[in-house]
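One letter stands for each residue in the lines below.
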Amino acid sequence: MPSIVVLLISYYYCCKVLLRPYNAFCICLFFFLPNQEKIRVALLVQKAALQFIDAVGPTDYKLSNEVREANFGIEPDDLASIIHGRHIKRLKSHGGVEGIALKVTVSLTEGVRSDNIATRQKIYGFNHYTEKPPRTFWMFVWDAFQDLTLIILMICAVISIGVGLATEGWPKGMYDGAGILLSIILVVLVTAISDYRQSLQFRDLDREKKKISVQVTRDGRRQQVSIYDLVVGDVVHLGIGNQVPADGLFILGYSLQIDESSLSGETDLVDIYEQNPFLLSGTKVRDGSAKMLVTAVGMRTEWGKLMETLNEAGEDETPLQVKLNGVATIIGKIGLSFAVLTFMVLTLRFVIEKALKNEFTHWSSTDAMTLLNYFAISVTIIVVAVPEGLPLAVTLSLAFAMKQLMEERALVRHLSACETMGSASCICTDKTGTLTTNHMVVDKIWTCEKIKDVSGDESKNLDDMEISERIFSTLLRTIFLNSSAEVVKDEKGNNALLGTPTETALLEFGLLLGGDPDVQRRQIQVLKVEPFNSDRKKMSVLVAFPEGGVQAFCKGAPEILLRMCDKFVDCSGELVLLSEERVRNITDVINGFASEALRTLCLAVKDVDETFPENSIPESGYTLLAVVGIKDPVRPGVKEAVQTCLAAGITVRMVTGDNINTAKAIAKECGILTADENAIEGPEFSSKSLDEMKGIIPNIQVMARSKPSDKFNLVTHSRNMFGDVVAVTGDGTNDAPALRQSDIGLAMGITGTEVAKENADVIIMDDNFATILNVAKWGRAVYINIQKFVQFQLTVNVVALIINFVSACISGSAPFTAVQLLWVNMIMDTLGALALATEPPNDALLKRPPVPRGASFITKPMWRNIVGQSIYQLIVLGVLNFGGKQLLGLTGSDAISVLNTVIFNSFVFCQVFNEINSREIEKINIFKGMFSSWIFMAVMVSTVAFQVVIVEYLGTFASTVPLSWQLWVLCILIGSVSLIVAVIVKCIPVGTAVAKAKQHDGYDALPSGPELA
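Residues numbered from 1 in each chain as written. Predicted model: local features only at pLDDT ≥ 70, side-chain atom pairs only at ≥ 80, totals over all residues. Heavy atoms only, no water.

**Focus on the overall build of the protein**
Broken down by element type, the protein carries 37 helices and 26 strands. Across the 1013 residues in the protein, those meeting the buried criterion constitute 54%. Looking at the protein alone, contacts between residues at least 24 apart form 72% of all its contacts between residues at least 6 apart. Summed over its atoms, the accessible surface of the protein is roughly 43,200 Å², and 58% of this surface lies on carbon and sulfur atoms. (Helix = DSSP H or I, 4+ residues; strand = E, 2+ residues; numbered from the N terminus. Buried < 20%, exposed > 50% of the residue type's maximum accessible area, 1.4 Å probe, protein only. Contact = heavy atoms within 4.5 Å. Areas by Shrake-Rupley, 256 points an atom, 1.4 Å probe, with all protein chains shown as cover.)

See below:
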């Protein structure tokens, strides 16, 4: 299929030799292809078409007046088409990258001028994509009206109005039908408002997800700007894990490899260099670093054009939503059965009564109205019985939690992560930036067989370091030339450091030594760079000097660098062979630094002669120059957060690439490591058999020197062998597999790459471990809030179904009218979800164990509460229904109306007080925190207020009559007794899971019981 499409569209291009008709024609064909295939086909088509155009020669064009007046030398569409078609010939015809830069009037070293940005945006466009217009409020109203049962009720209401007007005239004949219509409109409006507000929240969250910052050179200095502020001509700095923010051209860089799978579907990495300089928006940097000239933004990029043709996918249903949809379906079927039975019983009784009165052959419009009312009541029973509020409660609770978490510096990318995090039993966390502050400084250095304490902000000189001038000069070269960090000027003209914390710590140390990185870098020519990544654990650079000679500089993990070195600098500044004994001595120094919680790096240098392959970086024969100890203090509050996790039954494991001794020291300081034997190195772990892993995983608290593959193995086996619900933090590109494999992937917002963020479920905006704990707390709150709502709603369902059915069987009439049942439906669905599903978390949630994977959602305590409250309400309402007139001493023509109003009022107040009961499933104190939850209080007050209005003022529509104050007090007392019933019911013991003697993390098992609810 794709190949045929390519041929067809290529032929179309050949005929037209134009670019623009491609989009319209391609859109028609795209309807038959899946999204990824659409993207791949589009790229192939465009390549074929543009190659044809290139073969017949470049299209003649002349500059528009607008472009010429802005002093640009190339049209926006022509510039964009060079990148789309990967036209190296057309690029060269414009003078290459330098020629394009000249035509968009930008200096490749100075970047865009700030005062020219508005002009560029006017000519070449903004870096925004066309998005589908958001759904309006009236669309949600229309969706709410699509409910089948509501449609049936509306038809019934219209028929009721027609029959009523014919028999009873205006306006009395309108009341029943109009009451139903008004109730339906109220239900629809409340549902639509709730859904619309959620959509606004999700829209805000979606905007947050798309916020990406990039580093550019503007006004001669490097700075960070939003991806949306990019303009054509910007010089963008790309590094591992970055997303290419616009279409552009490669200026210069090293070992740049791009993942274009998001566009083409091909998994092979693409090498980018001078002969293949084309970079496409939306692709990812997998390796290397580079500078890029932006040539197209927004809808002129390949990514922008394709996004316009694709429908945006909605958020998938979460596991809990799927589960509750199943519950709703089952209850709905039960409700349908009761509704059919109720209608049949009422109709049968009515027909039998007519037959006994010898009126079977005489039917009037009043009889038709009676049967219509029976049908409306039956349909309304279905409306009440179908708990559409269950999935609504999940969405509402998740949306509320997502909004609150965003304020607490956690951006939830996938809805399911909120609820899953509540069940997390294990967190595999990074060290740097998560447990520590990520503000690194060089604390100690070993060089020339001496250890120097270099902490503090004061400058250091040659005498302070006690090393020779030659070694001092080489040390500065090693620091400045083998670095991806830069010294830039901020807006006030002060020096600022840009780069990773480790890189900036070394650069800052070099500045304290009195070095000047700009001077050092101007004097040399960089031949090749191998950037640091988590697999290599080192960074290398090959440089040539103007006076002649080539040197390789390398820095990285001590165990890697020591294997690459065969010499070191002794105390006299001479090069000495690195014997095994000296390696042991240096290893002792490294371990000493690590035991003080310092991150250790080795710096090495090698002179490269002419016999070595050109532009190839050596892998051995280096001279060890120095061992650096970098301090990264533990974040304040981390130890307390770790202890809270342990008390909540969540195992915390540190997974880091650092030296094992450094990892142990930090882990002990954080309260993670309890015994040295619970720490292991990643390669050692991955080399073990599955049986051996099964024996050691329960005790692992620290994994040091871990590669992404080691983290992936730990996550996989923890889930598969022990059923753990695992949350994993990650910041690097290579962490993506572990983030995807985990139950909850947590990417770091500050240090995390775009690849890591894209594969994560939650982005921790401040990189703080305490924020992860907040996510867990909110996850638990979501889970238990939905449990509260389910308990509340099932109680209403049971009582409404049984009381209507039993009353229909015994008395031949239903105690609740259609309007009354619709009001009850709104109380228990939309308003109930709003009240119970949005309660904020409390600290008690973190004193109970996590919910195990696969545990039953409706627990035994919930069933106990549902059954207990249902029995009480059925008894009270049954007594009132069948003996209320005598008990209350009601007489007169309106006795039945008063009794039915009392029954309806009592039923509603039972739900109001049971909603308060549902705030706690097991604990007796249900009032704790209630008055601080303004949403809950607002729902309670509005429910009671509207109930008063319905009973006292809307009796014509709701079939109620005003009640005396004594009967109001009685109704409230009947409802409030459910509080006492709840206390009694909660004292009834139900089976609970037996706690294990020991958790697999070595800590004491948690108690369980009502006190921890």
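**Points about the packing of helix α33 (residues 860–888) against helix α34 (residues 895–917)**
Helix-helix packing: each pair is described by the crossing angle between the helix axes and the interaxial distance. Here α33 crosses α34 at 160 degrees, and the two axes come no closer than 10 Å. By the angle between their axes, α33 is roughly antiparallel relative to α34. As for how α33 packs across α34, the hand of that crossing is right-handed. Along its contact with α33, which presents Q869, Y872, Q873, L877, L880, N881, G884, K885 and L888, the element α34 presents A895, I896, L899, V902, I903, S906, F907, C910, Q911, N914 and N917. (Axes fitted to C-alpha atoms, helices over the stretch in contact; angles between N-to-C directions. Parallel < 35°, antiparallel > 145°, perpendicular 65-115°, else oblique. Left-handed = near helix turned anticlockwise from the far one by under 90°.)

**Some details on the pairing of strand β21 (residues 651–655)**
Counting buried positions along β21 yields five of five residues, so the element is predominantly enclosed. Because side chains alternate across β21, one face comprises the buried residues T651, R653 and V655, and the other comprises V652 and M654, equally buried. Relative to β21, strand β9 (residues 426–429) runs parallel, the two being bridged by four bridges. Residue C426 lies in a different strand from β21, and its bridge partner there is T651. By the bridge criterion, two bridges tie β21 to strand β23 (residues 702–704) in an arrangement that is parallel. Among the inter-strand pairings, M654 is bridged to a residue of β23, identified as V702. (Pairing = 2+ DSSP bridges.)

**Some remarks on a nonpolar patch on the surface**
On the surface, V867, I871, I875, V879 and L887 cluster together into a nonpolar patch covering about 460 Å² of accessible area. Topologically, I871 is positioned in helix α33. On the accessibility criterion, I871 (45% relative accessible area) is partly exposed. (Patch = residues over 30% accessible without salt bridge, like charges linked within 9 Å, V, L, I, M, F, W, Y side chains within 5 Å. Salt bridge = Lys/Arg side-chain N within 4 Å of Asp/Glu carboxyl O.)

**Examining helix α5 (residues 76–84)**
Burial analysis of α5 places eight of its nine residues in the buried class, which makes it a mostly covered element. Where α5 terminates, the next one or two residues include R86, which has phi positive at roughly 50 degrees.

**A look at the nonpolar core**
Note on soluble globular proteins: their nonpolar side chains tend to be buried together. Ranked by size, the top nonpolar core spans 68 residues in total, and within it M421, I744, V762 and F769 carry the most contacts. With 13 residues, the top contributor of residues to this core is helix α31 (residues 769–811). Core analysis: the next-biggest nonpolar cluster, separate from the first, contains 60 residues, A339, L899, C910 and V985 among them. (Core = buried A, V, L, I, M, F, W, Y, C linked by side-chain atoms within 4.5 Å.)

**Comments concerning the sheet that holds β21**
Taken in spatial order, the eight strands line up as β8-β26-β25-β24-β9-β21-β23-β22 in an open sheet, and their pairing is mixed. Looking at which strands have only one partner, the edges of the open sheet turn out to be β8 (410–412) and β22 (679–681). Within the sheet, the average angular offset between the axes of one strand and its neighbour, ignoring direction, is 20 degrees. Each of β8, β9, β21, β24 (726–730), β25 (744–748) and β26 (762–764) is contacted by α31, which is oriented at about 145 degrees to β26, the strand it contacts most.

So, to be careful, I would describe these as geometric facts and stop short of saying anything about function.
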